[in-house]
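The residues making up each chain are set out below.
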Amino acid sequence: MTIEVFTAHRSLLAGVAYRILGSAADAEDVVQEAWLRWAEVDAASVADPKAYLVRVTTNLAIDRLRRVRARREAYVGPWLPEPIIGAPDSGDAAEHADSIELALLVVLETLSPLERAVFVLREAFGFSHGEIAEILGRGEPAVRQLARRARDHVRERRPRFDVDRRERRTITERFIAACTEGDIEGLTALLAADVRMVGDGGGKARAPLREVTGAMRVARFLLAIASAEGRKRFLASIGASPGERMEVGIAEVNGGPAIVAWLDGRPVTVISLVINDGLVDTVYLIANPDKMSRIGAPDASGSA
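Residues numbered from 1 in each chain as written. Predicted model: local features only at pLDDT ≥ 70, side-chain atom pairs only at ≥ 80, totals over all residues. Heavy atoms only, no water.

1. Observations concerning the overall build of the chain
Phase 1 of the analysis: The helix and strand inventory of the chain stands at 13 helices and six strands.
Phase 2 of the analysis: Taken over the C-alpha trace, the chain has a radius of gyration of 20 Å; the compact-globule value for 304 residues is 19 Å, and the two agree within 12%.
Phase 3 of the analysis: Burial statistics for the chain: of 304 residues in total, 49% are counted as buried.
Phase 4 of the analysis: Taking all contacts inside the chain whose residues are at least 6 apart in sequence as the whole, residues at least 24 apart take part in 69%.
Phase 5 of the analysis: Carbon and sulfur atoms form 49% of the exposed surface of the chain, whose accessible area is close to 14,200 Å².
Phase 6 of the analysis: Of the side-chain charges in the chain, 40 are positive and 43 negative, and the distance between the mean point of each set is 5 Å. (Helix = DSSP H or I, 4+ residues; strand = E, 2+ residues; numbered from the N terminus. Rg over C-alpha atoms; globule rule 2.2 N^0.38 Å. Buried < 20%, exposed > 50% of the residue type's maximum accessible area, 1.4 Å probe, protein only. Contact = heavy atoms within 4.5 Å. Areas by Shrake-Rupley, 256 points an atom, 1.4 Å probe, with all protein chains shown as cover. Lys, Arg positive; Asp, Glu negative; His and termini not counted. Charge placed at Lys NZ, Arg CZ, Asp CG, Glu CD.)

Right, here's the structure in full:
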C-alpha cells in the first residue's frame, strides 16, 4: 500500500517539483527524496496522504531551490529552465500546459522560493490559501500576501500568449525555413523590432553569453549559427564526431511547439519562440547538453 499510494501521487509531485525548480533533474531528485521520507512513515497514520506528500515535496523543492540558486549565479551565461517533452504530470498535461511554458518558468526565476512555491500551488494546481498555509507551515494571511505579490509580479512580466497553437506552429515553421534558407529578409519579417534572444550553453556549447537584442542583430546571429560554418563551430563545441547527421524539426516542448535539433538522434539544441501580435518577441535558445535528456529522439518527441 505504501508504494501504491506514492505511485498514485507521483505525477502530481513531479509536476509541483518541476515548476518550483525549473529543472527536471532536480525535480526527480526531490521526488526520490520524498519517496524515502514516505517509506519511513507509517502510512496508516497519515490521514491525507496527498496533502502529506505535497507538503514534503514542496518543502524539499524550496530547500533545494535555495541551494541551487547559488550555483545558478555562477553559471556561465544566462540560465534557462530545463526543457521537457510533454509535462512531468502527464495525466493533467492539457489542463496545466500553460504553467510549464518556458517563458513563464523564466519569470518564476525572479520570484523568491516561497513566492514561487505559493504561485505554483495556487495558480497551477488550484490549492486554497488555507491548504498552502498548511503545506508551508505559515499563517493564511502571510500566504495570501505571498500569493498576491507573486501573482502581480508574474502578471507584469509574463508575455501575453495571444496566438493559438496552429498559428504558433505556422510561425515556427516559417522561422525554421528562413534560417535554413539564409533568408534574412524573411527572418526579420517574423521578428519584432525589439526582439531579444537569450541563450543557454552553460559553458558547454556555443551560445550567446549575453542577450542579443534588435531584429537585425538577432537575425544575423541566427543565420550565422545556421550556416555551414556556424554548424561546424557548434558541433566542435559539443565534441561531435565527424559524419554525424543533424536533423531539425518541431516538437511539443513545455506545452508548445519548439524547434529541436538532433545529432544522430540525440537532442543538442532547443529553440522556443515567444510570439506576440504575430511577431517573435523573444527567442530562447538552449544548447547545454546537460539539459537535453528530457527531449528524447525525434520519433519519441513527435517532431515534424
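What follows continues from the structure just given.
2. Looking at helix α7 (residues 129-136)
Phase 1 of the analysis: For α7, every residue scored as buried is listed here: His129, Ile132, Ala133, Ile135 and Leu136. Along α7, the residues classed as buried sweep out an arc of 160° about the axis, all on the same side.
Phase 2 of the analysis: The inward-facing, buried residues of α7 contact α3 (49-73), α6 (113-124) and α8 (140-157).
Phase 3 of the analysis: Of the residues trailing α7, Gly137 is marked for its positive phi of about 70°. (Arc of directions from axis to C-beta.)

3. Concerning the pattern of salt bridges
Phase 1 of the analysis: Applying the stated criterion to the full structure yields 21 salt bridges.
Phase 2 of the analysis: Residue Arg72 is joined to Asp26 by a salt bridge in which the shortest nitrogen-to-oxygen separation is 4.0 Å. One end of the pair, Arg72, is in helix α3; the other, Asp26, is in helix α2 (residues 24-40), with 46 residues separating them in the sequence. Asp26 matches Arg72 in its accessibility class, with the two residues each being buried.
Phase 3 of the analysis: The salt bridge partner of Lys204 is Asp290, with a shortest N-O separation of 2.4 Å. Here Lys204 is found in the loop between β1 (191-200) and β2 (212-213), whereas its partner Asp290 is found in the loop between β6 (279-286) and α13 (298-301), with 86 residues between them in sequence.
Phase 4 of the analysis: Classification of Lys204 by relative accessible area gives partly exposed; the value is 42%.
Phase 5 of the analysis: Salt bridges sharing partners connect three or more residues here, namely Asp26, Asp29, Arg64, Arg72, Glu109 and Arg116. (Salt bridge = Lys/Arg side-chain N within 4 Å of Asp/Glu carboxyl O.)

4. Considerations on the environment of Val198
Phase 1 of the analysis: Within the secondary structure, Val198 sits in strand β1.
Phase 2 of the analysis: Under the relative-accessibility criterion, Val198 is labelled buried at 6%.
Phase 3 of the analysis: Ignoring anything within four residues of it in the chain, the contact list for Val198 reads Pro78, Leu80, Glu211, Val283, Tyr284 and Leu285.

5. Section: the confidence of the model for the chain
Phase 1 of the analysis: Per-chain confidence: the chain averages 90 in pLDDT, with 93% of residues scoring 70 or above.
Phase 2 of the analysis: Every residue in residues 90-94 is under pLDDT 50, and counting partners more than four places away or in other chains gives three contacts. (pLDDT = per-residue confidence, 0-100.)

6. A few points about the sheet that holds β1
Phase 1 of the analysis: Within the open sheet, the six strands sit side by side as β2-β1-β6-β5-β4-β3. Their pairing is mixed. Whereas interior strands pair on both sides, the edge strands pair on one side only; in this sheet they are β2 and β3 (246-253).
Phase 2 of the analysis: Looking at chain direction, strand β4 (residues 256-263) and strand β5 (residues 266-276) are connected through five bridges and run antiparallel. Across the sheet, residue Ile259 finds its bridge partner in β5, namely Ile271.
Phase 3 of the analysis: Relative to β4, helix α9 (residues 165-181) is tilted by about 35°, and along the sheet it contacts β1, β3, β4, β5 and β6.
Phase 4 of the analysis: Sitting on the sheet, helix α12 (residues 228-237) touches β3, β4 and β5, and the angle it makes with β3 is about 75°. (Pairing = 2+ DSSP bridges. Axes fitted to C-alpha atoms, helices over the stretch in contact; angles between N-to-C directions.)

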